[in-house]
Amino acid sequence: MTFRKAVIEDLPELCSVFKHITDNLNGRGIYIWNEVYPNCIFPEDIGEGRMYILENENGIVSAFALLDSDKDKDSVQWEKQNAKSCYLYRMGIIPEYYGKGIGAYMLEEAAKIS
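Residues numbered from 1 in each chain as written. Predicted model: local features only at pLDDT ≥ 70, side-chain atom pairs only at ≥ 80, totals over all residues. Heavy atoms only, no water.

## Remarks on the overall build of the protein
Our working rule: Secondary structure elements are defined from DSSP: runs of H or I of at least 4 residues count as helices, runs of E of at least 2 residues count as strands, and each element is numbered from the N terminus. Note on classification: 1.4 Å probe, protein chains only; a residue is buried when its accessible area is under 20% of the maximum for its type, exposed when over 50%, partly exposed between these limits. Contact definition: two residues touch when any of their heavy atoms are within 4.5 Å. Per-residue and other accessible areas follow the Shrake-Rupley method at a 1.4 Å probe size, with only the shown protein chains counted as cover for residues.
The number of helices and strands found in the protein is three helices and four strands. If you list the helices and strands of the protein from N to C, you get β-α-α-β-β-β-α. When each of the 114 residues of the protein is scored for burial, the buried share is 39%. Contacts in the protein between residues at least 24 apart in sequence constitute 66% of all its contacts with a sequence separation of at least 6. On the protein, roughly 7100 Å² of surface is accessible, and the fraction owed to carbon and sulfur atoms is 52%.

Have a look at this one:
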C-alpha cells in the first residue's frame, strides 16, 4: 500500500470512495456525513495540501485531512496552551478494510506528519 498526499486527479475517486463509506455508515444508522459533506470540501483540502490517501493496486482505501488549526480550539482548556497541534478531519476507511489495522496505520502516519 502507498500513503501519499492527494492530488486533484484523485478527486473523482475520492468522492466515490466517500460516497461508499457514507452509504455504509448511513446503513448502520450513523448519520455523520451525507451527499454534500465531506465531499464538498475535498477540492480545498487537496488544494491546501492537507488531504492524504492510502491506496493499493485497486485504488483508494482510506483518506483523511490534517489541519494545523481549528476554529473551535479555544473551546477546550489544553494542558499545554502553546504546544504544536494538528487536527484530523474527514478520516474514512472503505468498509472492506474495517478491522485490518488501517485506522491505526493512518493515525500513525498523521502523527509522523504533524
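## Overview of the environment of Tyr89
Within the secondary structure, Tyr89 sits in strand β4 (residues 87–93). Tyr89 sits in the partly exposed class, given a relative accessible area of 25%. Along the backbone, Tyr89 and Pro38 are 51 residues apart, and their C-alpha atoms lie at a distance of 9.4 Å.

## Structural notes on the packing of aromatic side chains
The criterion, for reference: Two rings from Phe, Tyr or Trp (for Trp, the six-membered ring) form a pair when their centres are within 6.5 Å of each other. A pair whose planes differ by under 30 degrees is stacked, one over 60 is edge-to-face, and the rest are tilted.
Using the criterion set out here, one finds six aromatic pairs in the structure. Ring geometry for Phe3 versus Tyr105: centroids 6.5 Å apart, planes at 85°, classification edge-to-face. Taken together, the residues span a long stretch of sequence, with Phe3 in strand β1 (residues 2–5) and Tyr105 in helix α3 (residues 102–113) at a distance of 102 residues. Where Phe18 meets Phe42, the ring centres are 4.9 Å apart and the plane angle is 65°; that geometry is what we call edge-to-face. Linking Phe18 in helix α1 (residues 11–27) with Phe42 in helix α2 (residues 42–47), this pair joins segments that are 24 residues apart in sequence.

## Focus on unusual backbone geometry
Residue Pro38 is bonded to the preceding Tyr37 through a cis peptide linkage, with omega at 20°. Inspection of the secondary structure assignment puts Pro38 in the loop between α1 and α2. Even without being a glycine, Arg90 presents a positive backbone phi close to 55°. Tracing the backbone shows Arg90 in strand β4. Arg90 sits in the buried class, given a relative accessible area of 10%.

None of this, on its own, says anything about what the molecule does.
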